[in-house]
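Remarks on the overall topology
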Amino acid sequence: MKVTVFKGESLWEALKKQNIILARPCGGNGTCGRCAVETAGFGKVRSCRFRLPGTYEVTLPKQQQFTAVGKIWDPVCEEKTGWDEHPAAAVDIGTTTAALLVCFQGKQIFRSFTNPQRSMGADVMSRIRAASEGEAAALQKLIGERFEEELLSAVRELSGEETVCRVIIAANTTMIHLFSGWPCEGLGRAPFTPFSLEKEERRKQAGKNLWLEETILPGISAFIGADIVSGIYAVGMAEENEPVLLLDLGTNGEMALGCADGILTASAAAGPAFEGSRLAVEIHASGVFRCFCALRSAGIIDETGLLCEPYFTGGFPVGEIGGMEDAGDDLRITQEDIRQFQMAKAAIRAGIEILLKEYGITAQDVKQVYLAGGMGYYLDPQDAAAVGLFPECFLEKTSAAGNTALLGALRYAKEPKEW
């Protein structure tokens, strides 16, 4: 196909004008190479960085389809007379995956889908940068249209007609800003000031006869959002007599520690190593943990994370690891993969240790550990402890809590609180 690049724009932007949006998880930094295309005369180029004006014959790659990682815990909505006179939807807009649970008169429909904003950046900082550089409306449209499409379909299936629907939305602070069309500049630089952290209530029309009564749950800070507030509410942390720990191990590592006496929160810059990296996309984040545990046990990587020869240069084929045969020999764990994983893991562990210190307790004093999100649902606590993600004493008190952001939003739909 022929594409014209005008002065001041990139080849990626020129392709976007023709409704071709290539994945660029790095947000246009030119570091991931996912947006590469073949051009006559210049060969293979990274479209996000190619800015030479002219008309080019371009051959597009096969588009990678990002799919939601596994099944995001499907909660059961027990019938409770009187709370759902109209359809009600609990919504979690995650950086990687979005999910919604629509309930009506004892019936429910659960949906999850990959956040389409991934095409413009795998992590929040990439999307903040894109929004600040003029893509805010495009990012809002990507998630808004897909969200309303899924919601309309579920409401019609449950109620048989369009009507009023209560919608409770939990999401991290950046996703709420992008969903609402709020300016994101303050999120991308110190002192990281959000446009708003308040609970928002609004009414809007979606579809011919469907009115949405939206409640966006409040956040705590730029990097502790409504998804964590919702998770705290879901596990009843403020009702506990002894400290419990909530760990959300997604693209952004967020955590909360506390009980009725008080709650502390922290955010750790885990980056895409747990969800958005090449390895995590191919074999799911829980599989990444299993791979590293297996390589360490076999002595293929040492205690520092160094790959032994002959794998240091070419990487280790994932398909040779027990239980990972389906991955094949083309997918390899490289030294760079290991270092990215180590940094992400260290960030989470450091966050846990800091919370424990600030709260004035030890790991043994924690009553219960909840692993939230799709990754937490599948992660084997044995693997997590083996690589040092959390203390070994957590093993006997760790459980998968599923999508606590969604569960908290559902609880709020039934039992609204004044926050």
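Attention in this report is confined to the structure presented alongside it. For clarity, every value in this text was computed on a predicted model and none was experimentally measured.

Criteria and cut-off values
Residues numbered from 1 in each chain as written. Predicted model: local features only at pLDDT ≥ 70, side-chain atom pairs only at ≥ 80, totals over all residues. Heavy atoms only, no water. Helix = DSSP H or I, 4+ residues; strand = E, 2+ residues; numbered from the N terminus. Buried < 20%, exposed > 50% of the residue type's maximum accessible area, 1.4 Å probe, protein only. Contact = heavy atoms within 4.5 Å. Areas by Shrake-Rupley, 256 points an atom, 1.4 Å probe, with all protein chains shown as cover. Lys, Arg positive; Asp, Glu negative; His and termini not counted. Charge placed at Lys NZ, Arg CZ, Asp CG, Glu CD. Pairing = 2+ DSSP bridges. Axes fitted to C-alpha atoms, helices over the stretch in contact; angles between N-to-C directions. Polar contact = N/O pair within 3.5 Å; in protein donor to acceptor, adjacent residues only side chain to side chain. Salt bridge = Lys/Arg side-chain N within 4 Å of Asp/Glu carboxyl O. Core = buried A, V, L, I, M, F, W, Y, C linked by side-chain atoms within 4.5 Å. Phe/Tyr/Trp six-rings, centres within 6.5 Å; stacked < 30°, edge-to-face > 60°.

This part takes up the overall build of the chain. Within the chain, the secondary structure is distributed over 11 helices and 17 strands. For the chain, the spread of C-alpha atoms along the principal axes amounts to about 65 × 55 × 40 Å. Out of the 419 residues in the chain, the part that is buried amounts to 53%. Pairs at least 24 apart in sequence give 63% of the contacts found in the chain among residues at least 6 apart. As displayed, the chain offers around 18,500 Å² of accessible surface, 49% of which is attributable to carbon and sulfur atoms. Within the chain, one finds 41 positive and 54 negative side-chain charges whose respective centroids are separated by 6 Å.

It is worth spelling out the sheet that holds strand 3 (residues 43-46) at this point. Read across the sheet, four strands follow the order 1-4-2-3 without closing on themselves; strand pairing throughout is antiparallel. The open sheet is flanked by strand 1 (2-5) and strand 3, the only strands paired with a single partner. Between one strand axis and the next, the sheet turns by 50 degrees as a mean value, whatever way the strands run.

With that out of the way, let us pick up the side chain of E240. Turning to its location among the elements, E240 is positioned in the loop between helix 4 (226-234) and strand 11 (244-249). Among the polar contacts listed, one links the side chain of E240 to the side chain of K367, at a separation of 2.8 Å. Setting aside residues up to four positions removed in sequence, E240 forms contacts with V235, C259, A260, K367 and Y370.

Tallied over the full model, the rule gives 13 salt bridges. Residues E145 and K141 are paired through a salt bridge, measuring 3.9 Å at the closest nitrogen-oxygen approach. With a gap of four residues between them, E145 and K141 both fall in helix 2 (residues 124-159), about one helical turn apart. One salt bridge in this structure joins R203 and E213, with 2.9 Å as the shortest N-O distance. You can see R203 sitting in strand 9 (residues 200-205) and its partner E213 sitting in strand 10 (residues 211-216), a full 10 residues away along the chain. R203 gets classed as partly exposed once you look at its relative accessible area, which sits at 47%. Classification of E213 by relative accessible area gives partly exposed; the value is 33%. Through salt bridges that share partners, R111, R146, E150 and E157 make up one connected network.

Reading across the sheet, the six strands line up as 7-6-5-8-10-9 and stay open at both edges, with mixed pairing between neighbours. Taken across any chain shown, the strands that pair with only one partner, and hence form the sheet edges, are strand 7 (107-114) and strand 9. Here the strands of the sheet are splayed against their neighbours by 20 degrees on average, with no regard to which way each runs. Where strand 8 (residues 164-171) and strand 10 come together, six bridges link them in parallel fashion. Along strand 10, the bridge assignment pairs C165 with L212. Packed onto the sheet, helix 2 meets strand 5 (88-93), strand 6 (97-104), strand 7, strand 8, strand 9 and strand 10 and runs at close to 160 degrees relative to strand 7. Its contacts with the sheet put helix 11 (residues 404-414) on strand 5, strand 6, strand 7, strand 8, strand 9 and strand 10, and the angle it makes with strand 5 is roughly 150 degrees.

We now examine the nonpolar core. Judged by nonpolar contacts, the single largest core of 69 residues is most densely connected at L11, V91, I93, V102, L151, C165 and V167. In this structure, L11 is in contact with V3, V5, V37, T39, V45, S47, F50 and V58, ignoring residues within four places of it in sequence.

For the rest of this paragraph, the subject is the packing of aromatic side chains. Considering all chains together, one arrives at 10 aromatic pairs under this definition. Centre to centre, the rings of F42 and F50 are 5.3 Å apart; their planes meet at 70 degrees, and the pair counts as edge-to-face. Assessed through its relative accessible area of 10%, F50 is described here as buried. For the pair W182 and F195, a centre-to-centre distance of 5.7 Å together with 40 degrees between the ring planes defines the contact as tilted. Remark: F195 occurs in the loop between helix 3 (173-180) and strand 9 and W182 occurs in the loop between helix 3 and strand 9; sequence separation between them is 13 residues. What makes W182 buried here is its relative accessible area of 12%. Taken together, the ring pairs in this structure connect F42, F50 and Y56 into an aromatic cluster.

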